[in-house]
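Understanding the architecture of this molecule
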Amino acid sequence: MPAAAFQCSFSSFSSACIVLRQRISVTTRSPAIEVVIMSKSAFITGITGQDGSYLAELLLEKGYTVHGLVRRASTFTTGRIKHIYADPHQAGNRLFLHYGDLTDGQSLTNLVLDLEPDEIYNLGAQSHVRVSFDQPAYTFQATGGGALNVLEAARQLNKKKLVKVYQASSSEMYGEVLETPQTENTPFQPQSPYACAKVYAFHQTVNYRKSYDMFAVNGILFNHESPRRGETFVTRKITRAATRIKLGLQDKLYLGNLAAKRDWGYAKDYVEGMWRMLQHSEPDDFVLATGRTQTVQEFADIVFGMLQLDPKQYIEIDPRYFRPAEVDLLLGDCSKAQQKLGWTASTSLEELARLMVDHDLSLAREEAILAAARK
């Protein structure tokens with residue numbers, strides 16, 4: 001669908017179209033008997049982000065009707081989901097977008113009460129750690145306060161029907177780690193405004209679960225990447241730059257702390273874990289991780305090596321990219337998720353890097369063709 005048509009159909013229809021569930025009719029051998037199955041419905045905040053797009057794909061494959069929250073903007077922000085989006089007027093469509101904002105609690109509650117979803121996945125946030133030092137108040141409002149608004153909306157809906165809530169927590173909450181590897185019981189030592197906001201959201205989720213007997217869970221996800229990762233995040237920054245350097249489109253890559261160690265997995269694996277948490281018999285909190293940690297330098301070495309490039313010739317340090325308070329080491333233990341959810345990370349770091357390099361090399365080639373055409 002052309003971009004203009006996408007914007008027109010979305011803006012004109014999203015506020016009016018409230019589809020609660022997809023009705024699927026199954027007729028038995030007896031013509032007098034018709035069984036109507038009501039499929040599940042889900043509401044995703046942050047649906048246009050990396051995780052939201054993969055989660056929407058997964059839920060649609062499982063037969064869900066999916067509703068997503070998007071902020072109004074003068075530019076298009078739906079690139080990651082354009083392949084699964086269809087005109088809302090089209091018969092059989094099960095993906096619907098709605099304008100809103102996590103910081104607007106009343107409109108969020110109104111929307112949730114109208115939609116009556118079976119599951120809510122709160123993935124929306126100001127999620128860039130370095131930026132959170134520059135915008136601490138907004139980071140808390142969107143990441144911490146937004147989570148509280150989602151929980152309160154779910155509490156109101158829970159008076160009418162059961163709704164399950166997934167809160168996207170983060171390994172950044174561990175901060176200056178007190179033990180390695182980190183588990184669900186490791187104390188938090190947040191080292192950034194983003195991490196502090198996530199800790200607040202984590203405890204509010206536990207509070208609502210205990211106080212109101214809600215099915216609310218925290219997924220403590222360690223770093224998870226993909227070709228859909230934003231280009232300002234370090235892994236994607238590396239793969240994007242390395243492929244552009246390979247084709248002569250860029251000369252240098254400027255990074256911050258190359259010694260920082262992270263537990264990196266594939267985002268597509270991790271959204272399966274999110275879904276499994278809400279299918280579990282009891283609400284609980286789970287770590288999702290690979291159990292392997294690498295430095296930023298080591299990830300860069302893998303990526304540049306795939307392109308037959310020497311990273312030492314191209315990477316330079318820029319002090320602007322260092323955080324005021326660094327997190328040196330993150331390494332997760334997902335034993336609990338393996339035992340109770342049957343979840344494990346199935347994509348290696350090398351496989352993940354290959355996926356990202358192949359994707360970004362394709363983008364770089366397209367960019368090179370356009371650059372040549374302009375000469």
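Attention in this report is confined to the structure presented alongside it. (Residues numbered from 1 in each chain as written. Predicted model: local features only at pLDDT ≥ 70, side-chain atom pairs only at ≥ 80, totals over all residues. Heavy atoms only, no water.)

The next thing to look at is the packing of helix 5 (residues 136–158) against helix 6 (residues 193–212). For the pair helix 5 and helix 6, interaxial distance at closest approach is 8 Å and the crossing angle is 15°. As far as their axial angle goes, helix 6 and helix 5 are roughly parallel. Seen from above, helix 5 lies across helix 6 with right-handed handedness. Residues Pro-136, Thr-139, Phe-140, Thr-143, Gly-144, Gly-145, Ala-147, Leu-148, Leu-151, Glu-152, Arg-155 and Asn-158 of helix 5 touch helix 6, and the partners they reach there are Pro-193, Tyr-194, Ala-197, Lys-198, Tyr-200, Ala-201, Gln-204, Thr-205, Tyr-208 and Tyr-212. (Axes fitted to C-alpha atoms, helices over the stretch in contact; angles between N-to-C directions. Helix = DSSP H or I, 4+ residues; strand = E, 2+ residues; numbered from the N terminus. Parallel < 35°, antiparallel > 145°, perpendicular 65-115°, else oblique. Left-handed = near helix turned anticlockwise from the far one by under 90°. Contact = heavy atoms within 4.5 Å.)

In a beta sheet, neighbouring strands are held together by backbone hydrogen bonds and run either parallel or antiparallel to one another. The strand order across the open sheet formed by 7 strands is 5-4-3-6-7-8-13, and the pairing between neighbours is parallel. Only two strands of the sheet have a single neighbouring strand rather than two, namely strand 5 (95–99) and strand 13 (286–288). Across the sheet, the mean angle separating the axes of adjacent strands is 20° when strand polarity is ignored. Looking at chain direction, strand 8 (residues 215–221) and strand 13 are connected through 3 bridges and run parallel. Bridging across to strand 13, Ile-220 finds its partner in Val-287. (Pairing = 2+ DSSP bridges.)

Evaluated as defined, the whole model comprises 10 aromatic pairs. Relative to Phe-202, the ring of Phe-188 has its centre 5.0 Å away and its plane inclined at 85°; by these criteria the two rings are edge-to-face. Taken as a pair, Phe-188 in the loop between strand 7 (164–170) and helix 6 and Phe-202 in helix 6 lie far apart in primary sequence, 14 residues in all. Residue Phe-188 is classed as buried on the basis of its relative accessible area of 17%. The rings of Tyr-174, Phe-188, Phe-202 and Phe-222 are connected pair by pair, giving a single aromatic cluster. (Phe/Tyr/Trp six-rings, centres within 6.5 Å; stacked < 30°, edge-to-face > 60°. Buried < 20%, exposed > 50% of the residue type's maximum accessible area, 1.4 Å probe, protein only.)

This part covers helix 7 (residues 234–246). For helix 7, which comprises 13 residues, the first-to-last C-alpha distance of 18 Å matches the rise-based estimate of 18 Å (1.5 Å per residue) to within 8%. Most of helix 7 is tucked away, with 11 of its 13 residues classed as buried. For helix 7, the complete set of buried residues consists of Thr-235, Arg-236, Lys-237, Ile-238, Thr-239, Arg-240, Ala-241, Ala-242, Thr-243, Arg-244 and Ile-245. Residues of helix 7 that are buried in the fold lie against strand 9 (224–225), strand 10 (253–255), helix 9 (296–306) and helix 11 (349–374). Looking one or two residues beyond helix 7, the residue adopting positive phi is Gly-248, at roughly 75°. (Expected span 1.5 Å × (residues − 1).)

Contact geometry of helix 3 (residues 105–115) with helix 5 gives a least axis separation of 9 Å together with a crossing angle of 40°. With respect to helix 5, the axis of helix 3 lies oblique. Like other packed secondary-structure pairs, helix 3 and helix 5 cross with a definite hand, here right-handed. Side by side, helix 3 and helix 5 meet where Gly-105, Leu-108, Thr-109, Val-112 and Leu-113 of the first sit next to Asn-149, Val-150, Ala-153, Gln-156 and Leu-157 of the second. For the contact of helix 3 with helix 5, the class distribution of residues is 6 nonpolar, 4 polar and no charged. (Nonpolar A, V, L, I, M, F, W, Y, C, P; charged D, E, K, R; others polar.)

So, about helix 6. Taking 1.5 Å of rise per residue, the 20 residues of helix 6 would be expected to cover 28 Å, and the 28 Å separating its terminal C-alpha atoms lies within 8% of that figure. Of the residues making up helix 6, those classed as buried are Tyr-194, Ala-195, Ala-197, Lys-198, Val-199, Ala-201, Phe-202, Gln-204, Thr-205, Val-206, Tyr-208 and Arg-209. Buried-residue contacts for helix 6 involve helix 4 (129–134), helix 5, strand 7 and strand 8. Positioned one or two residues after helix 6, Asp-213 has a phi angle of 55°, which is positive.

Another aspect to go through is the pattern of salt bridges. Side-chain pairs of opposite charge can arise where the charged atoms are in close proximity. According to the stated counting rule, one finds 22 salt bridges in the structure shown. Note that Glu-116 and Lys-160 form a salt bridge whose closest N and O atoms lie 2.8 Å from each other. Pair noted here: Glu-116 is in the loop between helix 3 and strand 6 (119–122) and Lys-160 is in the loop between helix 5 and strand 7, with a separation of 44 residues, a long-range link. On the basis of relative accessible area, Lys-160 is assigned to the exposed category, the value being 55%. (Salt bridge = Lys/Arg side-chain N within 4 Å of Asp/Glu carboxyl O.)

These results come straight from atomic positions and should not be treated as a statement about function.
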